[in-house]
Amino acid sequence: MERLKVKAAALTLQNTGEGRCYHPYAREEARMIVLRLFLAAALAAAFVTSVDSCEDDQSDPDTTGPEKTAPGEDEQETGDPQMDERTKRMYEFALNDDTDFEVMPKPQPGDWLYSHAEQHQTFDDYVGTSPRRPADNRRKITIIPIGDFPGREEKLLEPIREYCSIVFSCETVLLPKEKIPPDAPGRPASWDASQTQYRTGYLLTRFLRPRVPRDAICLLGITMADLYPDDGWNYVFGEASLRDRVGVFSFVRFFPEFYGQEPSEENLQVALMRCLKTMAHETGHMFSLPHCVKYKCLMNGANSQSEQDSGPIHACPYCLKKLQWNTGFDLLARYEKLAQFYDEHGYKEEAEWVTNRLKKIRASAE
Ligand SMILES: [Zn+2]
Ligand SMILES: [Zn+2]
């Protein structure tokens, strides 16, 4: 059995506000949260812990239960004076109508929200945290493949880049692949002693941090090598430093063949969907989005692979509004590109969802 564990370390930071990325209520002082995404192979437990995390606050998990509130009730008008009336009506609908989103059910044992008492963050609260936003001189999302991407795994890199560029409507650049330095700290992988498992801390601070391009919002390292944070852990999905704007994620365990299945096109699709969800979710954190507790949403925390798999890849109206405010994307064009992306990559259900959503949005302005 596997047990997914999460650790979050809070380090004191200069008062930049950067650190409160997804815990606006948790602390009074500005801090940096180091996210560790641990998947530790434990012998006993069949569940728990996370695909990623920050430190808990003390709220009651029941507050994240099935109560349904309209997303618009605590939010601002879409007030761009450049928009014509019809476009304004469509934005109002898209950023407030929640009929295509499942309200987050009451957390059950094993669910992320059962063990992480997170609170809802309103749009005003989000804006009040001075979230990280693209600036004139810092607009790119950058991704760097680290180490080998054997065979077909390399095929996933371009779709991942393209997907991030659509979701955030920011130029997203795939940097040239780099080898893992021979002196990188590691240990033989428990599942195959001929493979090396690498320490995330080294990759974040020694490898990625010096490589963050001047014009990048963030640099995300992706690797097919297995990772671990320290000797107390068996393995980890990844780790990110919001202060340093870097993250490193291993995709090796997203492939069903890691668990003994035969390679197939279907497996590749499963793996790509997990990669897309992970990259979009983690990049969302880089734009200071917290976890979503209101709806089943891209920005939900997940305690396990199955919890991530069962959640949607779509952002709910709350999260979409924050993102749209942050990067200023054209909401309709973004949905159109997403529908096309899902269609081209064989994600029929997701393509249909977006197409139907777009129809409703357009109909709202008729
Ligand atoms: Zn997260
Ligand atoms: Zn959401």
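These figures come from a predicted structure and were not determined experimentally.

**Points about the overall build of the protein chain**
Right, on to step 1. When helices and strands are tallied, the protein chain shows ten helices and ten strands.
Right, on to step 2. A burial count over the protein chain gives 43% of its 366 residues as buried.

**As for helix α6 (residues 265-286)**
Right, on to step 1. Here α6 contains 22 residues, and its C-alpha end-to-end distance of 31 Å stays within 8% of the 32 Å for a straight helix at 1.5 Å per residue.
Right, on to step 2. Backbone geometry just after α6 places Ser 288 at a positive phi near 70°.

**A word on unusual backbone geometry**
Right, on to step 1. The phi dihedral of Ser 130 is positive, around 50°, even though this residue is not glycine.
Right, on to step 2. With respect to the helices and strands, Ser 130 occurs in the loop between α3 (123-128) and β3 (140-146).
Right, on to step 3. On the neighbour-count criterion, Ser 130 (13 C-beta atoms within 10 Å) is partly exposed.

**Examining the pairing of strand β10 (residues 246-250)**
Right, on to step 1. β10 sits mainly inside the fold: five of its five residues count as buried.
Right, on to step 2. A two-sided burial pattern is seen for β10, the buried positions comprising Val 246, Val 248 and Ser 250 on one face and Gly 247 and Phe 249 on the other.
Right, on to step 3. By the bridge criterion, five bridges tie strand β7 (residues 216-223) to β10 in an arrangement that is parallel. Across the sheet, residue Leu 220 finds its bridge partner in β10, namely Gly 247.

**With respect to the nonpolar core**
As a rule of thumb, nonpolar side chains are buried together in soluble globular proteins.
Right, on to step 1. One finds Cys 275, Cys 297, Cys 316 and Cys 319 to be the most contacted residues of the largest nonpolar core, which totals 78 residues.
Right, on to step 2. Here this core gets seven residues from one element, more than from any other, and that element is α6.
Right, on to step 3. The residues contacting Cys 319, other than those within four sequence positions of it, are Leu 289, Cys 292, Cys 297, Leu 298 and Met 299.

**Description of the packing of helix α4 (residues 157-168) against helix α9 (residues 331-344)**
Right, on to step 1. The interhelical angle for the contact between α4 and α9, taken along N-to-C directions, is 155°, at an axis separation of 9 Å. One way to sum up the angle between α4 and α9 is to call them roughly antiparallel. At the point where α4 passes α9, the crossing takes the left-handed sense. Side by side, α4 and α9 meet where Glu 162, Tyr 163 and Ile 166 of the first sit next to Arg 334, Lys 337, Leu 338 and Phe 341 of the second.
Right, on to step 2. Classifying every residue of the contact of α4 with α9 gives four nonpolar, no polar and three charged.

**Considering α4**
Right, on to step 1. Between its terminal C-alpha atoms α4 stretches 17 Å, which fits the 16 Å expected from twelve residues at 1.5 Å a residue.
Right, on to step 2. Looking only at α4, the buried set comprises Ile 160, Tyr 163, Cys 164, Val 167 and Phe 168. The buried residues of α4 occupy an angular sector of 105° when projected down its axis, which confines them to one face.
Right, on to step 3. Each element contacted by the buried residues of α4 is listed here: β3, β4 (172-174), α6, α8 (317-327) and α9.
Right, on to step 4. After α4 finishes, the residue Ser 169 shows a positive phi value of roughly 50°.

**Some words on the packing of α9 against helix α10 (residues 348-363)**
For any two helices packed against each other, one specifies the crossing angle of their axes together with the interaxial distance.
Right, on to step 1. Between α9 and α10, whose axes approach to 8 Å, the crossing angle comes to 155°. In terms of axis orientation, α9 runs roughly antiparallel to α10. The two elements α9 and α10 cross, and the hand of that crossing is left-handed. Residues Leu 332, Tyr 335, Glu 336, Leu 338, Ala 339, Tyr 342 and Asp 343 of α9 form the contact with α10, whose own contacting residues are Glu 350, Ala 351, Val 354, Thr 355, Arg 357, Leu 358 and Ile 361.

**Considerations on the pairing of strand β5 (residues 186-189)**
Right, on to step 1. Pairing of β5 with strand β6 (residues 192-199), which is carried by four bridges, proceeds in the antiparallel orientation. In the strand pairing of β6, Ala 189 is matched with Asp 192.
Right, on to step 2. Counting the residues between successive antiparallel strands, the hairpin from β5 to β6 contains two residues.

**Some details on the environment of Cys 319**
Right, on to step 1. Mapped onto the secondary structure, Cys 319 falls in helix α8.
Right, on to step 2. Assessed through the 26 C-beta atoms surrounding it within 10 Å, Cys 319 is described here as buried.
Right, on to step 3. For Cys 319 and Leu 95, which are 224 residues apart along the polypeptide, the C-alpha to C-alpha distance reads 8.8 Å.

**Considerations on the environment of Cys 170**
Right, on to step 1. Mapping Cys 170 onto the fold places it in the loop between α4 and β4.
Right, on to step 2. According to the C-beta neighbour criterion, Cys 170 is buried, with 21 such atoms within 10 Å.
Right, on to step 3. Distance from Cys 170 to Ile 217, taken between C-alpha atoms, is 9.6 Å for residues 47 residues apart in sequence.
Right, on to step 4. Those residues in contact with Cys 170, other than ones at most four positions away along the chain, are Pro 134, Arg 139, Lys 140, Ile 141, Ser 165, Ile 217 and Thr 327.

**A few points about the confidence of the model for the protein chain**
Right, on to step 1. When pLDDT is averaged along the protein chain, the result is 80, and 78% of the positions lie at 70 or above.
Right, on to step 2. Here residues 1-77 is a poorly scored stretch, pLDDT under 50, and it has 187 contacts once near neighbours within four places are set aside; other chains count.

**Some thoughts on the environment of Ile 144**
Right, on to step 1. If you trace the backbone, Ile 144 turns up in strand β3.
Right, on to step 2. Placed 104 residues apart in sequence, Ile 144 and Val 248 show a C-alpha to C-alpha distance of 9.2 Å.
Right, on to step 3. Excluding its chain neighbours within four sequence positions, the residues that come into contact with Ile 144 are Leu 175, Glu 178, Arg 211, Leu 219 and Gly 221.

Rules used throughout
- Residues numbered from 1 in each chain as written.
- Chains lettered and ligands numbered in written order.
- Predicted model: local features only at pLDDT ≥ 70, side-chain atom pairs only at ≥ 80, totals over all residues.
- Helix = DSSP H or I, 4+ residues; strand = E, 2+ residues; numbered from the N terminus.
- Buried ≥ 20, exposed ≤ 12 C-beta atoms within 10 Å, placed from the backbone.
- Expected span 1.5 Å × (residues − 1).
- Pairing = 2+ DSSP bridges.
- Core = buried A, V, L, I, M, F, W, Y, C linked by C-beta atoms within 7 Å.
- Contact = placed C-beta atoms within 7 Å.
- Axes fitted to C-alpha atoms, helices over the stretch in contact; angles between N-to-C directions.
- Parallel < 35°, antiparallel > 145°, perpendicular 65-115°, else oblique.
- Left-handed = near helix turned anticlockwise from the far one by under 90°.
- Nonpolar A, V, L, I, M, F, W, Y, C, P; charged D, E, K, R; others polar.
- Arc of directions from axis to C-beta.
- pLDDT = per-residue confidence, 0-100.

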